[in-house]
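Structural description and commentary
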Amino acid sequence: MESDDLMGATMQPNHNAPPRQRPGEGPRQLGGRTLARQKLIAMRRRARRIRRLVAGLAAATFAAAFLTVYVQLASGHDPALSAAAKRSSTSGSSTSATHQSSASGRESSSSSASGRESSSSSAGGGESSTSSQSGGGESSSGPSAVTTAQS
Amino acid sequence: MAEPEAAATFDCFGGSCAVFVSGAGETGPARAAVAMARRRLQGWHARFSRFLPGSELSLVNGNPAAKLRVSPLMARLAQAVQMAGSLTGGLVDATLIDQIETAGYAGELREPLELARALERAPARRPAAASRSAGWRHIAVDAAAGTLERPPGVKLDSGGLGKGLFADVLGEALAGHGAFAISCGGDVALGGAAGLARAINVESPFDGSILHTFERRRTGVATSGIGRRSWLDRSGRPAHHLLNPATGRPAFTGLVQVTALAPSALLAEVYAKAAILSGPHGASAWLPYGGVIVREDGSHDVLGR
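Numbering of residues starts from 1 in each chain and follows the order in which that chain's sequence is written. For this description, chains carry letters from A and ligands carry numbers from 1, given in the order in which they are written. Only residues with pLDDT of at least 70 are given local features in this predicted model, and only at 80 or more are side-chain atom pairs given and counted; all residues enter the totals for whole chains, interfaces and linings. Excluded from the side-chain calculations are hydrogens and water; all other atoms, namely the structure's heavy atoms, are used.

Description of the packing of aromatic side chains
All names here are of chain B. Basically, it comes down to this: For this analysis, a ring pair means two rings from Phe, Tyr or Trp (six-membered ring only for Trp) whose centres lie within 6.5 Å, classed as stacked if their planes differ by under 30 degrees, edge-to-face if by over 60, and tilted for the remaining angles. Elements are defined by DSSP. Helices are runs of H or I of four residues or more, strands are runs of E of two residues or more, and each kind is numbered from the N terminus.
Inspection of every chain in the model, using the stated rule, returns six aromatic pairs over all chains. Between Phe13 and Phe166, the ring centres sit 5.4 Å apart and the planes meet at 20 degrees, which makes this aromatic pair stacked. Separated by 153 residues along the polypeptide, Phe13 in the loop between strand S1 (5-12) and strand S2 (15-22) and Phe166 in helix H6 (residues 159-174) bring together distant segments of the chain. Among the aromatic residues, ring-to-ring pairing joins Phe13, Trp44, Phe48 and Phe166 into one connected group.

Examining the pattern of salt bridges
Residue and element names in this part refer to chain B. Test applied: Take a side-chain nitrogen of Lys or Arg and a carboxyl oxygen of Asp or Glu: if they are within 4 Å of each other, that pair is a salt bridge. Accessible area is worked out with a 1.4 Å probe on protein chains only. A residue is then buried under 20% of its type maximum, exposed over 50%, and partly exposed in between.
Inspection of the entire model under this criterion finds 11 salt bridges over all chains. When the shortest N-O distance is used, the salt bridge between Arg76 and Glu172 registers 3.0 Å. On the criterion of sequence distance, the pair formed by Arg76 in helix H3 (residues 72-87) and Glu172 in helix H6 is long-range, its members being 96 residues apart. Look at Arg76 and you get partly exposed, because its relative accessible area is 32%. Classification of Glu172 as partly exposed rests on a relative accessible area of 48%. Notably, a salt bridge pairs Lys155 with Asp98, separated by 3.0 Å at the nearest N-O pair. Of this pair, Lys155 sits in the loop between strand S5 (147-149) and H6 while Asp98 sits in helix H4 (residues 97-102), placing them 57 residues apart in sequence.

Considering unusual backbone geometry
Only a minority of non-glycine residues have a phi that is not negative, and only a minority of peptide bonds are not trans. Its identity as a non-glycine residue notwithstanding, Phe13 of chain B has a phi of 55 degrees, on the positive side. With relative accessibility at 11%, the residue Phe13 of chain B sits in the buried group.

Some remarks on the confidence of the model for chain B
The condition is simple: Residue-level confidence of the predictor, termed pLDDT, takes values from 0 up to 100.
Scored by pLDDT, chain B has a mean of 91; 99% of the residues are at 70 or more. At the level of chain-chain contacts, confidence expressed as ipTM amounts to 0.83, with global pTM at 0.70.

Some words on the nonpolar core
Note the threshold: Joining through side-chain atoms within 4.5 Å is the link that ties buried Ala, Val, Leu, Ile, Met, Phe, Trp, Tyr and Cys residues into a set, and such a set is a nonpolar core.
Core analysis: the biggest nonpolar cluster contains 94 residues, and Leu41, Trp44, Phe166 and Ile182 of chain B have the highest contact counts within it. Among the elements that make up this core, the one with the highest residue count is helix H7 (residues 265-278) of chain B (11 residues).

As for the packing of H6 of chain B against H7 of chain B
All names here are of chain B. Worth spelling out the cut-off: A fitted line through C-alpha atoms serves as each axis, taken over the contacting stretch for helices, and the angle formed by two N-to-C directions is quoted from 0 to 180°. What sets the label is the angle itself: under 35 degrees gives roughly parallel, over 145 gives roughly antiparallel, 65 to 115 gives roughly perpendicular, and the rest give oblique. In this description, contact between two residues means that some pair of their heavy atoms is separated by no more than 4.5 Å. Ten residues, namely Ala, Val, Leu, Ile, Met, Phe, Trp, Tyr, Cys and Pro, are considered nonpolar, four, namely Asp, Glu, Lys and Arg, are considered charged, and the remaining ones, Gly among them, are considered polar.
Packing of H6 against H7 brings their axes to within 7 Å, and their N-to-C directions diverge by 155 degrees. Classed by the angle they form, the pair H6 and H7 counts as roughly antiparallel. In this structure, H6 contributes Gly160, Leu161, Gly164, Leu165, Ala167 and Asp168 to the contact, and H7 contributes Ala265, Leu266, Glu269, Val270 and Lys273. Here the residues of the contact of H6 with H7 are counted per class, giving six nonpolar, two polar and three charged.

Re the packing of helix H1 (residues 30-48) of chain B against H6 of chain B
When two helices pack together, their arrangement is given by the angle between the helix axes and the distance between those axes. All names here are of chain B. What counts here: Throughout, a crossing is termed right-handed when the near helix is turned clockwise from the far one, and left-handed when it is turned anticlockwise from it by less than a right angle.
At a minimum axis separation of 11 Å, H1 and H6 run at an interaxial angle of 150 degrees. Accordingly, the angle class assigned to the pair H1 and H6 is roughly antiparallel. Helix-helix and strand crossings are classified by hand; for H1 and H6 the assignment is right-handed. Across from Ala33, Met36, Ala37, Arg40, Leu41, Trp44 and Phe48 in H1, the residues of H6 making contact are Phe166, Val169, Leu170, Ala173 and Leu174. Within the contact of H1 with H6, the residues separate by chemical class into 11 nonpolar, no polar and one charged.

Description of the pairing of S2 of chain B
Residue and element names in this part refer to chain B. What counts is decided by this rule: Pairing between two strands requires that DSSP report at least two bridges joining them.
Of all the eight residues making up S2, eight are buried; the element is thus mostly covered by neighbouring parts of the structure. For S1 and S2, the ladder comprises eight bridges, and the chain directions are antiparallel. Each residue of the ladder has a partner; that of Ala7, found in S2, is Phe20. Linking two consecutive strands that pair antiparallel, namely S1 and S2, is a turn of two residues; a positive phi of about 55 degrees is found at Phe13 within it. Here S2 pairs with strand S6 (residues 179-184) via six bridges, running antiparallel. Along S6, the bridge assignment pairs Val21 with Phe180.

Some details on a positive patch on the surface
To be explicit about the condition: For patch detection, residues must exceed 30% relative accessible area and be free of salt bridges, and they are connected within 9 Å for like charges or within 5 Å for nonpolar side chains (Val, Leu, Ile, Met, Phe, Trp, Tyr). Shrake-Rupley sampling with a 1.4 Å probe provides the accessible areas, and residues are treated as covered by the protein chains on show and by no other component. Working convention for charge: Lys and Arg count positive, Asp and Glu count negative, and His plus the chain ends are omitted. Every charge is mapped onto a representative atom, which is NZ of Lys, CZ of Arg, CG of Asp or CD of Glu.
Taken together, the side chains of Arg44, Arg45, Arg48, Arg51 and Arg52 of chain A present a region of like positive charge at the surface. By secondary structure assignment, the location of Arg48 of chain A is in helix H2 (residues 27-74).

Digging into a nonpolar patch on the surface
Together, Phe62, Phe66, Leu67, Tyr70 and Val71 of chain A make up an exposed nonpolar region whose accessible area comes to about 600 Å². Of note, Val71 of chain A is situated in helix H2.

Topic: H7 of chain B
Residue and element names in this part refer to chain B. In plain terms, the rule: Helix span, expected: 1.5 Å multiplied by one less than the number of residues in the helix.
Between its terminal C-alpha atoms H7 stretches 20 Å, which fits the 20 Å expected from 14 residues at 1.5 Å a residue. With 14 of 14 residues buried, H7 lies mostly within the body of the structure. A positive backbone phi angle near 85 degrees is found at Gly279, which sits one or two residues after H7.

Considerations on the environment of Thr88 of chain B
All names here are of chain B. Along the polypeptide, Thr88 turns up in the loop between H3 and H4. Under the relative-accessibility criterion, Thr88 is labelled buried at 8%. C-alpha of Thr88 to C-alpha of Trp286: the two residues are 198 residues apart in sequence and 9.0 Å apart in space. Those residues in contact with Thr88, other than ones at most four positions away along the chain, are Val270, Ala274 and Trp286.

Here's the deal with the pairing of strand S17 (residues 300-303) of chain B
Alignment of strand S16 (residues 291-295) of chain B against S17 of chain B, held across four bridges, turns out to be antiparallel. The partner of Ile293 of chain B across the bridge, within S17 of chain B, is Asp301 of chain B.

A few points about the sheet that holds strand S4 (residues 140-142) of chain B
Residue and element names in this part refer to chain B. Sheet architecture is open: three strands sit in the order S3-S5-S4, paired in antiparallel fashion. The two strands at the open ends of the sheet, each matched to only one other strand, are strand S3 (67-69) and S4. Between one strand axis and the next, the sheet turns by 20 degrees as a mean value, whatever way the strands run. Here H3 sits on the sheet and contacts S4 and S5; the angle it forms with S4, its principal contact strand, is near 140 degrees.

Here it is, written out as structure tokens:
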């Protein structure tokens, strides 16, 4: 290593070494060049620090979000499933015979299987479709309830 | 695994109708069956509305001939009117069109009269009774020949009996599907080849809350009441669509709503009407298959849980 240093063959730039004096350069010009180089070095250091900080923060945020979602799903509280179930039960499980629907009415269709649950509806076109599926593969929701009221 | 259920809710018969079908059957997949049921109900509404001058019902009622050819469904409606009058001794009389129009129900109604307000201003409560004229007695139907005989002036009202009949007719068409439920403005027919039990919620006439829930595999259900099709007549008296055949005036019996269960929706409709017209003391006798009786004070009895 010592010999390398002595020979000036090291691959790392030696920032502390005084700049080489070129022919025709005065002491003032030398000081300015050193200052600029030092500023450049400081700027690079700062950029590196900021880059590391941003990368670290991004990684920490991602890890925290991933952990939150993972824990919630693993504990059986999938918010997407519960929202779909809520929509499914309000649109499909009970229909009143006296509800006054204003326009062309609405239609819905639901199907059951095993594994997952999904629901979608569209208000404007008067049609909606719901599919609800329960976990066990054996269990399934029964027929929708009907409501009777005076007409 | 349950079969897919298709459903539709839409305006019809001056109220709301709903159809639920699970599984494939003679009418195709569930969704096609629902579409078929919807088309039929809306078609029947156009044919059997007494508010449409060109409807089959209006043409029959306006026909001066004593004997006329009618469609098979019109023949069934006429038979239903006969059956209702005969079964209830004239208490349920679906030939009182002139009387109900005189009382103020000659077109589609707007917002109903508030029930509490109607009850405050209603006349003394008493059970209804049969009419002496009993137009239903003079109806003769030959279903095979497709003819209807009645004295000119005797008019048929599709009203509640029509809804029960239509629910049953659709139920016959959908019987091969896994499960079905048809609600025609409160008259419900439900069943299906899979024999699945279905919940039937009975709604309160006061606040829309659920008073009771029955669970049945195959049944007819009907609810009749005085809270929805109601108005103030020209004299400012409260009126509604359930007439006392003896007086031709709206019947205030002390009951505001009755729900009846029966083997068919048509029979349930007849039972529900007969029960509410009989008043608090006679109502339960008209509910052999169960039902819910709601009094004016909001209390209710459940029969045949």
